[in-house]
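Here's the letter readout for the chains.
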Amino acid sequence: MNITRLLRNALTICALFAGLMHTAKADFHIERGDTTGLATLDVGAIYIDAGNAVPYDQLTFTVSAGGTYQFLAMADFDSAIFLYAGEFDAASPTTNLIRHNNDIFSPDTSGFVSNLFPGLSYTLVVTGLEDDEFGKYSLTIGGPGSVAPVPEPSTWMMLALGLAAIAHARQRAARR
């Protein structure tokens, strides 16, 4: 990474999160990922002349407090981010769409500010704009409350199976 890109990214972060400096309590959630080889979506449904099979990654989360949250994605590719109320459906990328951004200060950074409410589920999607734009990214979400990722259904299923196995083992031990 050259010094110009490092400085540009540092200035981008400072500009996006300057509004949090006056807040006594602010939490940040940092997520790192890679869109390489993941499922694809038609970004052209939102941005004209964009790709129709662009790899994406998603984070489903809730917030502990209502208020203004800042979102910033920095990537190794021309990135875009999309915020959805509730679930995201790649077959219908405009359904439940709240906000989106591409190139906030440079092609490899995307960001916006949005008002969020506790008790609701949100999904943030990180993607490129063209079919060949994918790779590593870093996502930062900051606001007045904490950001808690919502476990996927498969995680809940594994937890339930694990608890059932423990209960069965205890029951067998009690019988002996």
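The rules behind each value
- Residues numbered from 1 in each chain as written.
- Predicted model: local features only at pLDDT ≥ 70, side-chain atom pairs only at ≥ 80, totals over all residues.
- Heavy atoms only, no water.
- Helix = DSSP H or I, 4+ residues; strand = E, 2+ residues; numbered from the N terminus.
- Buried < 20%, exposed > 50% of the residue type's maximum accessible area, 1.4 Å probe, protein only.
- Areas by Shrake-Rupley, 256 points an atom, 1.4 Å probe, with all protein chains shown as cover.
- Pairing = 2+ DSSP bridges.
- Axes fitted to C-alpha atoms, helices over the stretch in contact; angles between N-to-C directions.
- pLDDT = per-residue confidence, 0-100.
- Contact = heavy atoms within 4.5 Å.
- Core = buried A, V, L, I, M, F, W, Y, C linked by side-chain atoms within 4.5 Å.

Chemist: Tell me what's going on with the overall build of the protein, and back it up with residues and numbers.
Modeler: Each helix and strand counted, the protein has two helices and ten strands in total. Going through the 176 residues of the protein one by one, you find that 38% of them count as buried. Counting every atom, the protein has about 9,800 Å² of accessible surface; 59% of that belongs to carbon and sulfur.

Chemist: I'd love a proper account of the sheet that holds strand E1 (residues 27-34), names of residues and values included.
Modeler: Ordered by their spatial adjacency, four strands build an open sheet running E1-E9-E4-E7, and the pairing between neighbours is antiparallel. Bordering the open sheet on either side are E1 and strand E7 (109-116), each of which pairs with just one other strand. Across the sheet, the mean angle separating the axes of adjacent strands is 15 degrees when strand polarity is ignored. Of the pairings in the sheet, the one linking strand E4 (residues 67-75) to E7 comprises eight bridges and is antiparallel in character. Pairing of Leu-72 across the sheet is with Gly-111, part of E7.

Chemist: Let's hear about the confidence of the model for the protein: which residues, and what values?
Modeler: Within the protein, residue pLDDT values average 83, and 76% of them lie at 70 or more. Long-range and interchain partners of residues 19-24, a stretch whose pLDDT sits below 50, account for five contacts in this model, where long-range means more than four residues apart.

Chemist: Just give me the short version of the nonpolar core, but keep the residues and values in it.
Modeler: Ranked by internal contacts, the top residues of the largest apolar core, which has 19 residues, are Phe-61, Phe-71, Leu-83, Leu-116, Leu-124, Leu-139 and Ile-141. Elements with a contribution of two residues or more to this core: strand E3 (54-63), E4, strand E5 (79-85), E7, strand E8 (122-128) and strand E9 (136-143). Ranked by residues supplied to this core, first place goes to E4 with four residues. Excluding anything up to four places from it in sequence, Leu-124 contacts Asp-57, Gln-58, Leu-59, Phe-61, Phe-71, Phe-82, Leu-83, Phe-112, Leu-139 and Ile-141. The next biggest cluster of nonpolar side chains, apart from the first, holds 13 residues, and it includes Ile-46, Tyr-47, Tyr-84 and Val-125.

Chemist: Give me the lowdown on the environment of Ser-114, citing residues and values where you can.
Modeler: The residue Ser-114 is located in strand E7 in this model. Among the residues examined, Ser-114 registers a relative accessible area of 8% and is labelled buried. A sequence separation of 31 residues divides Ser-114 from Leu-83, and the C-alpha atoms of the two residues are 8.9 Å apart. When sequence neighbours within four positions are dropped, the list of residues in contact with Ser-114 reads Gly-67, Thr-68, Tyr-69, Phe-71, Leu-83, Ile-98 and Arg-99.

Chemist: Give me the pairing of E3: which residues, what numbers.
Modeler: Of the pairings in the sheet, the one linking strand E2 (residues 40-41) to E3 comprises two bridges and is antiparallel in character. Along E3, the bridge assignment pairs Leu-41 with Val-54. Strand direction decides the pairing type here: E3 and E8, joined by six bridges, are antiparallel. Bridge assignment links Phe-61 to a residue of E8, and that residue is Tyr-122.

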